[in-house]
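These are the residues of each chain, in order.
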Amino acid sequence: MSPSPSHLPDAEALYAELARAVKQLLAASAGPLVLAGITSGGAWLAERLQRDLGLSGAAGVISSSMHRDDFAQRGLASSAQTMLPFDVNGAHVLLVDDVLYTGRTLRAVINELFDYGRPASVRLAVLVDRGGRELPIEANVCAARLDVPAGQSLELARDDSGRLSFVLETKEA
């Protein structure tokens, strides 16, 4: 089903599902997982998961901007840059993102992660998988799957109180 602006999924309900699934993943993990959220929506989710699941320390923030294949067109994004408050070497890393689409952002993020060290494992948790993959990347945890037309983007928004919602944007041609 394709979402319309008046029928967007409840981001808070999907967050609750994501938190439940990540809690199960944490319990089944071979070692302690560290969270790294992909700027910006994924970073919001990782920060909130870190707090809500009672994990010690702070979640990391990771940016794709330095490794994007469209860097020449986009340049450095104005969003937060990478900050990983843990040693990546040997770590079991759970990347957290809001919307998984082509997989190109994830490819760039994995390159960025390896600039900081060699993790023991990398997993992925996403709020929404919208399909349309261009690379063989799949989330280990996904709260929902939605069909979003190619000319639109599904964006996670956060209000001043931290409440999450979705916005459907039409891309310019």
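Residues numbered from 1 in each chain as written. Predicted model: local features only at pLDDT ≥ 70, side-chain atom pairs only at ≥ 80, totals over all residues. Heavy atoms only, no water.

(A) How the structure looks around the pairing of strand β4 (residues 121-129). When you tally the buried positions in β4, you get seven out of nine residues, the bulk of the element. With eight bridges joining them, strand β3 (residues 92-100) and β4 adopt parallel strand pairing. Bridging across to β4, V96 finds its partner in A125. What joins β3 to β4 is helix α4 (residues 104-115), and the crossover it makes is right-handed. (Buried < 20%, exposed > 50% of the residue type's maximum accessible area, 1.4 Å probe, protein only. Helix = DSSP H or I, 4+ residues; strand = E, 2+ residues; numbered from the N terminus. Pairing = 2+ DSSP bridges. Right-handed = clockwise from strand over helix to strand, strands pointing away.)

(B) Looking closely at the nonpolar core. Counting residues in each nonpolar core, the largest one holds 30 residues, and the members touching the most others are L18, L127 and F166. Looking at this core, the elements that each hand over two or more residues are α1 (11-28), β1 (33-38), α2 (41-52), β3, β4, β5 (141-145), β6 (152-158) and β7 (164-170). When residues in this core are grouped by element, the largest group, eight residues, is from α1. Look past the residues within four positions of F166 in its chain and what remains in contact with it is L8, P9, A11, L14, V99, L127, V128, L154, E155 and L156. Formed by 17 residues, the second largest nonpolar core is a distinct cluster that contains I62, L84, L95 and L106. (Core = buried A, V, L, I, M, F, W, Y, C linked by side-chain atoms within 4.5 Å. Contact = heavy atoms within 4.5 Å.)

(C) Local environment of the sheet that holds β4. Strand order across the open sheet formed by five strands is β2-β1-β3-β4-β5, with parallel pairing between neighbours. Each edge of the sheet is formed by a strand with only one pairing partner; in this case those strands are β2 (60-62) and β5. Averaged over all pairs of adjacent strands, the angle between their axes in this sheet comes to 30°, without regard to strand direction. Sheet topology note: the β1/β2 ladder contains three bridges and is parallel. Bridging across to β2, A36 finds its partner in G60. Most of the contacts of α2 go to β1, to which it runs at about 150°, and overall it touches β1, β2, β3 and β4. (Axes fitted to C-alpha atoms, helices over the stretch in contact; angles between N-to-C directions.)

(D) Inspection of the environment of S64 at higher detail. Looking at where S64 falls in the secondary structure, it is placed in the loop between β2 and α3 (71-74). Classification of S64 by relative accessible area gives buried; the value is 10%. Dropping the residues within four chain positions of it, S64 is found in contact with T105, A108 and V109.

No statement about biological role is implied by the geometric values presented.
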